[in-house]
Amino acid sequence: MSEVDYRMQTIPINNPELIEILDDYRKAGALDGFEKYMHLTCSDASDKKDWFTGEEYLKEIIAQGERHEGFPDAMYGYEFRVNTKLHKFFKNDHAESSDEARFRSEFMKLLTETNTKMINFMGCRNNALSAAYPKDGFIAWHNNANAAAWNMIFTYSETGDGCFKYWDIEKGEIVVMQDVPGWQLKAGYFGSYREEDKIFYHAAETNCWRQTVSFCFDTSPVAQLFREEIIDEIMSE
C-alpha cells in the first residue's frame, strides 16, 4: 500500500456535473441584493487584512499552542453554511421589505438545493465552510486542530487576485497557493494537536470577489479511500 500523502494539493475540476453544481453556489453569491441584505462579518476589519494574514500574526497564533482552539479569530466576508443560524446569514433579524423577503426566499432555496446536490455528489454531510469575500476580504490564520479531517476546499475567484496560504511545518515557511480565475480545488489534511507534524495553519485573502465552499471527510481509513474515489470522479471528464 502506498504511503498516504497529507500535503495540500491542487486537484483539476473536470467533471461537468460538479462544475454545474459549483456554478449554482456562484449564482447564490451573485443574486441581486446579496451585498445589501447579507451579514458582513468583521465589517470594521476591512483594513486589517495584511495583519490577520501576515507572518507576525501567524507567529502569535503558533505561539499559543493548544490555547488556540482552531477557529479563526477574524474573517472579513459573508458566511452562509446551511446549518449556520439565520441571524449570521442576513443583516436583519427579519425581512424589512418585500424585496428583502423575496431575496431571502430565493437565496435560501438556491443555497439549500445546491448544497443537497453537492452533498449527494461528494457523499459526505459535513459542509465545513460556505463563504464569500469582497475585495480586501480574508480569513485569519487558524488551524482547525479542533476538527481534524480530510478537507476539500472549492474556491471561485473572479480575477485570480487572491490566495490561500499555509505554514509548511517541515520547511518552516509560508507557502502561497495563488488563485486562478474561476473554480479551483485544494485537497489536504488538517491534523489535530495529537498529530504535531500535521497541524495545518492556514489563511486566505483576496483583492477581488471570492467564494469558498468546503467539505470534509473523517480520519478513518474507509473515509480516506472514499475520498480518493471522489477525487478521481472530480478529475473525470
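The coordinates are above.
For the structure given in this document, a descriptive report is provided here. (Residues numbered from 1 in each chain as written. Predicted model: local features only at pLDDT ≥ 70, side-chain atom pairs only at ≥ 80, totals over all residues. Heavy atoms only, no water.)

Side note on the overall build of the protein chain
Scanning the protein chain from terminus to terminus reveals seven helices and 11 strands. In terms of C-alpha radius of gyration, the protein chain reaches 18 Å, essentially the compact-globule figure of 18 Å for 237 residues. The C-alpha extent of the protein chain, read off along each of the three principal axes, is 55 × 40 × 30 Å. Here the protein chain holds 237 residues, and 51% of them are scored as buried. Within the structure as shown, the protein chain displays about 12,100 Å² of accessible surface, and the carbon and sulfur contribution to it stands at 48%. (Helix = DSSP H or I, 4+ residues; strand = E, 2+ residues; numbered from the N terminus. Rg over C-alpha atoms; globule rule 2.2 N^0.38 Å. Buried < 20%, exposed > 50% of the residue type's maximum accessible area, 1.4 Å probe, protein only. Areas by Shrake-Rupley, 256 points an atom, 1.4 Å probe, with all protein chains shown as cover.)

Thoughts on the packing of aromatic side chains
Counted under the stated rule, the structure contains 24 aromatic pairs. Each ring, one from F89 and one from F90, has its centre 5.8 Å from the other, and the planes form 50 degrees; the classification is tilted. A single burial state applies to F89 and to F90, both of which are buried. Linked through ring pairs, F34, Y37, Y78, F80, F89, F90, F103, F107 and W209 together constitute an aromatic cluster. For the cation-ring pair, K198 lies above Y6, with the distance from its terminal atom to the ring centre recorded as 4.7 Å. (Phe/Tyr/Trp six-rings, centres within 6.5 Å; stacked < 30°, edge-to-face > 60°. Lys NZ or Arg CZ within 6 Å of the ring centre and 35° of its normal.)

Observations regarding the pairing of strand 11 (residues 210-217)
Most of strand 11 sits out of view: eight of its eight residues are buried. The alternating pattern of strand 11 places R210, T212, S214 and C216 on one face and Q211, V213, F215 and F217 on the opposite face, and all of these are buried. Inspection of the sheet shows strand 4 (residues 127-133) paired to strand 11 by six bridges, in the antiparallel sense. Pairing of Y133 across the sheet is with R210, part of strand 11. Examined bridge by bridge, strand 6 (residues 149-157) and strand 11 share eight bridges and lie antiparallel to one another. Counterpart to M152 in the pairing with strand 11 is F215. (Pairing = 2+ DSSP bridges.)

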